[in-house]
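# Topology and contacts: notes
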Amino acid sequence: MIMHLGIANVGPAPGMELDFGSRLNLLTGDNGLGKSFLLDILWWAMTRTWPAEVNPRLTAGKTALPTDKKQPAIIKARFSAASKPIDSKSDFKPREQTWSIKAGRPANPGLIFYAMADGSFAVWDPARNYWKSKREEGKARPPAYVFSPEEVWNGLENSDGTWLCNGLIRDWAGWQKERGQAFASLEAVLAVLSPSGEEKLVPGKLTRISLDDVRDMPTLRMPYGQEVPVLHASSGMRRIISLAYFLVWCWEEHLKARELTGEDPECRAVFLIDEAEAHLHPKWQRTVIPALMQVMETLRPGREMQLIVATHSPLIMASVETLFDAAKDAWFDLDLSDGNVLLTQRPFLRQGNVSNWLTSEAFDLPSGYSQEAEKVLEEATQALSNESFGPEDAQKLDQQLRGVLSDTDPFWIRWRFVAEKKGWLS
Ligand SMILES: Nc1ncnc2c1ncn2[C@@H]1O[C@H](COP(=O)(O)OP(=O)(O)O)[C@@H](O)[C@H]1O
Ligand SMILES: [Mg+2]
């Protein structure tokens, strides 16, 4: 688990300091202010790998470079590890174009999962990716498992031609035929992650989709009675089923590895998730974070889990209102202030509904209206308190308001009341 991250002279801001909550952490801010960048840095701080260095097929997750090449750049972190908190500090070494890593066995922050915005996934498993010991010299373990979106489905190959992971299609089909623990977990996770009670993600019968693809293809049972091959499912469904598969695969493999080494499964995990709302219908955006928190409890009952979520969605912010607990959770917001990127930890105040979230500090919109409606409403609001406003202008404005507002807009009541009192519209 990560407790603190501090960076200087790297990324969009001159520096950032974050004190994380032990459970749910939310990250908001405009496009390009550094949410994904922060997740990459967190991944690096805990795993000492950059996703794109482990897997060159990735288009994101590249090594972070200092802003001012002549000044020192620093990444420091504090984790809770097995016995006591551990501090790490790295600086950028310009000659090598890498970040310094302390020699010896590094801190083990637990299992680290990373779901990137483009459908790439990464996991660092202390049972399988931990620092090689002296005796293991020469047969290095993979530094992490990093999947491009395509590899999540079709499998991840090692550089020596062996398979690190079979991929969703083969594993799901295999698990379904075997009817063991893995398939039971997958079914349970899919059920929890389903958009609603009426639209459950339920596996259907295996099928084939091409004369040239000999793989048995998993299907999903749709509410309209068809069984749709997973590769034909909507992007929202594919995002969620790949997430479900990834988590089940990671945990199953972790359990197997620990069984082999005779150790207990890891009790701590950190899950970094970028654009948690990606491809999801509003209805589903409302359930995904609470569901993810429940998934981890389903897979790993009683174990600690820290979630760090970057989002652009007011629905996601609204969806955690009832569960947010300032003792365990935190919200960080990135803003542009006088030409500088500024990270602020904000108190999480209940907004009550999604529109209020839009106009809150999280998203900074003037309103939830269209831009055109916003302009007309501003004019109308000014007109209401303008003593010299006359009937002719008011009638024009009335027409404009009709063109932009819905019939049931609350503004009508105010407008009608004042306009009538002033005799504008008669
Ligand atoms: N590898 C990198 N090295 C240094 N800075 C980076 C790197 N990648 C991204 N950044 C910084 O982060 C910004 C992009 O932010 P990003 O995290 O993609 O925004 P968003 O908040 O939309 O996710 C870039 O403009 C740059 O300042
Ligand atoms: Mg991003």
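Criteria and cut-off values
Residues numbered from 1 in each chain as written. Chains lettered and ligands numbered in written order. Predicted model: local features only at pLDDT ≥ 70, side-chain atom pairs only at ≥ 80, totals over all residues. Heavy atoms only, no water. 1 Å grid on protein atoms, 1.4 Å probe; cavity = no way out; pocket = protein on both sides within 12 Å on 5 of 7 lines; lining within 4 Å. Points joined across faces, edges and corners; volume = space filled by probe spheres on them. Nonpolar A, V, L, I, M, F, W, Y, C, P; charged D, E, K, R; others polar. Near = heavy atom within 4 Å. Polar contact = N/O pair within 3.5 Å; in protein donor to acceptor, adjacent residues only side chain to side chain. Areas by Shrake-Rupley, 256 points an atom, 1.4 Å probe, with all protein chains shown as cover. Salt bridge = Lys/Arg side-chain N within 4 Å of Asp/Glu carboxyl O. Helix = DSSP H or I, 4+ residues; strand = E, 2+ residues; numbered from the N terminus. Core = buried A, V, L, I, M, F, W, Y, C linked by side-chain atoms within 4.5 Å. Buried < 20%, exposed > 50% of the residue type's maximum accessible area, 1.4 Å probe, protein only. Contact = heavy atoms within 4.5 Å. Pairing = 2+ DSSP bridges. Phe/Tyr/Trp six-rings, centres within 6.5 Å; stacked < 30°, edge-to-face > 60°. Axes fitted to C-alpha atoms, helices over the stretch in contact; angles between N-to-C directions. Domains from an automatic or database assignment.

The subject of this paragraph is empty space enclosed by the protein. Taken as a whole and judged by the stated rule, the model has one cavity of 30 Å³ or more. Considering only enclosed or pocket space, the largest cavity measures out at about 30 Å³ in volume. Forming the boundary of the largest cavity are Pro 195, Glu 199, Lys 200, Leu 201, Leu 220, Arg 221, Met 222, Pro 223 and Met 237. Residue composition of the lining of the largest cavity, by class: six nonpolar, no polar and three charged.

This part takes up the site of ligand 1. Around ligand 1 sit 14 residues in total, of which Gly 32, Lys 35, Ser 36, Phe 37 and Leu 65 are the nearest. Take Gly 34: an N or O atom from its main chain is 3.1 Å from an oxygen atom of ligand 1. When isolated, ligand 1 has an accessible area of 570 Å², and the protein chains bury 65% of it. Partitioning the shell around ligand 1 into residue classes produces five nonpolar, six polar and three charged.

Turning our eyes to something else, we now look at the pattern of salt bridges. Scanning the entire structure with this criterion turns up 19 salt bridges. Note that Asp 333 is salt-bridged to Arg 346, the shortest N-O span being 2.9 Å. Here Asp 333, found in strand β17 (residues 330–337), pairs with Arg 346, found in strand β18 (residues 340–346); they are 13 residues apart in sequence, far enough to count as distant. When salt bridges that share partners are traced, they join Asp 333, Asp 335, Arg 346 and Glu 361 into one network.

Grouped together as the largest cluster of nonpolar side chains are 69 residues, with contacts concentrated most on Phe 113, Phe 271 and Ile 289. When residues in this core are grouped by element, the largest group, 12 residues, is from helix α6 (residues 235–261). When sequence neighbours within four positions are dropped, the list of residues in contact with Phe 271 reads Phe 113, Ala 115, Leu 243, Leu 247, Leu 292, Met 296, Met 305, Gln 306, Leu 307 and Ile 308. Counting 48 residues, the second largest nonpolar core, distinct from the first, contains Leu 5, Phe 37, Trp 50 and Ala 107.

Two faces belong to every sheet, and in a regular strand the side chains alternate between them. Relative to strand β5 (residues 85–93), strand β4 (residues 74–80) runs antiparallel, the two being bridged by seven bridges. Note on β5: the bridge partner recorded for Lys 76 is Lys 89. One ladder, built from two bridges, connects β5 with strand β6 (residues 98–99); its direction is antiparallel. If you follow Lys 93 over to β6, its bridge partner there is Thr 98. Hairpin connection from β5 to β6: four residues lie between these consecutive antiparallel strands, with Gln 97 at a positive phi of about 55°.

Following the criterion strictly, the structure yields 19 aromatic pairs and no others. When the ring of Phe 113 is compared with that of Phe 246, the centres are 6.1 Å apart and the planes differ by 80°; the resulting orientation is edge-to-face. In this pair, Phe 113 sits in strand β7 (residues 111–115) while Phe 246 sits in helix α6, placing the two residues 133 residues apart along the sequence. We note that Phe 113, like Phe 246, is buried. For the ring pair Trp 331 and Phe 348, a centre distance of 6.3 Å and an interplane angle of 80° mean the geometry is edge-to-face. Of the two residues, Trp 331 is situated in strand β17 and Phe 348 in the loop between β18 and α9 (354–358); the sequence distance between them amounts to 17 residues. Of the two residues examined, Trp 331 and Phe 348, each falls in the buried class.

Right, let's talk about the side chain of Asn 25 for a bit. Tracing the sequence through the fold places Asn 25 in strand β3 (residues 24–29). If we skip the residues at most four places from it in the chain, Asn 25 touches Phe 20, Gln 306, Leu 307, Ile 308, Val 309, Ala 330 and Phe 332.

Turning to the environment of Ser 88, a few remarks are in order. Within the element layout of this structure, Ser 88 appears in strand β5. The exposure class of Ser 88 is partly exposed, given its relative accessible area of 27%. Counting along the chain gives 43 residues from Ser 88 to Ala 45, while the straight-line C-alpha distance between them is 8.1 Å. With sequence-adjacent residues up to four places away left out, Ser 88 is seen in contact with Ile 75, Lys 76, Ala 77 and Phe 79.

The next subject is the sheet that holds β18. The eight strands lie next to each other as β9-β8-β7-β15-β16-β3-β17-β18, forming an open sheet whose pairing is mixed. Edge strands, defined here as strands with exactly one partner in the open sheet, are β9 (145–147) and β18. Sheet twist, expressed as the average angle between the axes of neighbouring strands with direction ignored, equals 10°. Across four bridges, β7 lies against strand β8 (residues 121–124) in antiparallel orientation. Residue Tyr 114 lies in a different strand from β8, and its bridge partner there is Ala 122. On the sheet, helix α7 (residues 282–299) packs against β3, β7, β15 (268–273) and β16 (304–310) and is oriented at approximately 155° with respect to β16.

Segmentation of the protein into domains returns domain 1 (2–358) and domain 2 (371–422). Here the C-alpha centre of domain 2 lies 48 Å away from the C-alpha centre of domain 1.

A few words on the sheet that holds strand β13 (residues 219–221). Read from one edge to the other, the open sheet built from three strands follows the order β12-β13-β14, with strand pairing classed as antiparallel. A single partner strand is all that each edge strand has here, and the edge strands are β12 (202–203) and β14 (227–229). Pairing between β12 and β13: two bridges, direction antiparallel. Opposite Pro 203, over in β13, you have Leu 220 as the bridge partner.

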